[in-house]
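Single-letter residue listing:
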Amino acid sequence: MSKIYKIVFIVLITLFISNIKVFAVNTTCTYEEKANLNDIAGKITANYKIDETKEKYEFTNPDTGEKSIEEQINTKFIISIYNILDDVYIIQTNDVDSEEVSIHYDEATKGVYTFEANNTSDIIKYTYNIYSNLEGCRGEILKTFVFTKPKINMYSQYGICKGLEDTDFCQKYITEELNLTENGLYEKVQAMQKSTVKVKEKNNKEGISDFIIDNYIYLIIGTIVISGAVVGYIIVKKRRAL
């Protein structure tokens with residue numbers, strides 16, 4: 001009887017050890033798997049597009065009480081994460097609040113996960129940590145990148161910015177805080193306008209100089225011809241007077 005117990009005990013131990021070995025093999029992240037995961041993670045990117053829709057609303061003048069139909073533009077940012085595959089998952093956080101979002105392949109459409117951000121008054125930096133979802137490598141961090149959502153620049157709506165939309169302090173959407181007061185804005189614009197006038201004056205002077213240099217022979221000949229004509233006219237006039 002004791003011999004049977006020994007055999008059963010040996011069989012159980014053997015099975016237990018075998019299972020441990022199988023488990024160890026199945027939970028080992030191979031070099032090829034890690035390289036493939038890194039390749040997948042390296043292709044994941046983020047981008048955004050701006051969605052502006054016009055909406056009419058009823059406005060009541062607080063002074064006269066008169067009502068009118070006005071139009072406003074509603075802006076939102078459509079943010080997309082590209083190239084998500086089933087072998088990875090993503091944890092999204094941001095620097096404005098404590099929200100944490102898990103992004104998996106089954107939540108994406110053809111590998112693209114999209115969401116809307118209606119916050120137009122804050123520059124938001126999203127941090128994306130990409131983890132392995134593959135058996136044996138699960139939970140390993142593969143890549144981290146930061147994506148910045150812009151905000152609307154309130155100064156872009158000022159009349160003084162008309163025609164200066166390409167400058168950093170007048171463009172409509174910005175990804176860095178300007179740290180600029182209204183007075184500072186006016187000073188910058190005035191300085192830019194003065195600089196533009198000086199550049200134009202310089203270009204005009206250089207244009208005249210270049211014209212003279214390029215045509216100096218003709219100018220000399222012209223001067224000689226005109227001088228000769230004047231001298232000839234004077235001589236002829238004197239002779240007639242005699």
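Residues numbered from 1 in each chain as written. Predicted model: local features only at pLDDT ≥ 70, side-chain atom pairs only at ≥ 80, totals over all residues. Heavy atoms only, no water.

A. Seen up close, the sheet that holds strand β6 (residues 124–132). Read from one edge to the other, the open sheet built from four strands follows the order β4-β3-β6-β7, with strand pairing classed as antiparallel. Among the strands making up the open sheet, the edge pair consists of β4 (101–103) and β7 (141–149). Here the strands of the sheet are splayed against their neighbours by 20 degrees on average, with no regard to which way each runs. (Pairing = 2+ DSSP bridges. Helix = DSSP H or I, 4+ residues; strand = E, 2+ residues; numbered from the N terminus. Axes fitted to C-alpha atoms, helices over the stretch in contact; angles between N-to-C directions.)

B. Structural detail: the sheet that holds strand β1 (residues 45–60). With antiparallel pairing, the three strands of this open sheet are ordered in space as β1-β2-β5. What marks the edges here is a single partner per strand, and that holds for β1 and β5 (113–117). Pairs of neighbouring strands in the sheet enclose a mean axial angle of 25 degrees, with direction left out of account. Sheet topology places strand β2 (residues 67–82) next to β5; five bridges connect them, and they run antiparallel.

C. Representation of the pattern of salt bridges. Counting across every chain of the model gives seven salt bridges. Of the charged contacts in the structure, one is a salt bridge between K43 and D39, with a shortest N-O distance of 3.5 Å. Taking relative accessible area as the criterion, K43 reaches 48% and is therefore assigned partly exposed. Between R138 and E135 there is a salt bridge, and its shortest N-O distance comes to 3.0 Å. R138 sits in the partly exposed class, given a relative accessible area of 48%. Overlapping salt bridges bring together D51, K76 and E116 as one network. (Salt bridge = Lys/Arg side-chain N within 4 Å of Asp/Glu carboxyl O. Buried < 20%, exposed > 50% of the residue type's maximum accessible area, 1.4 Å probe, protein only.)

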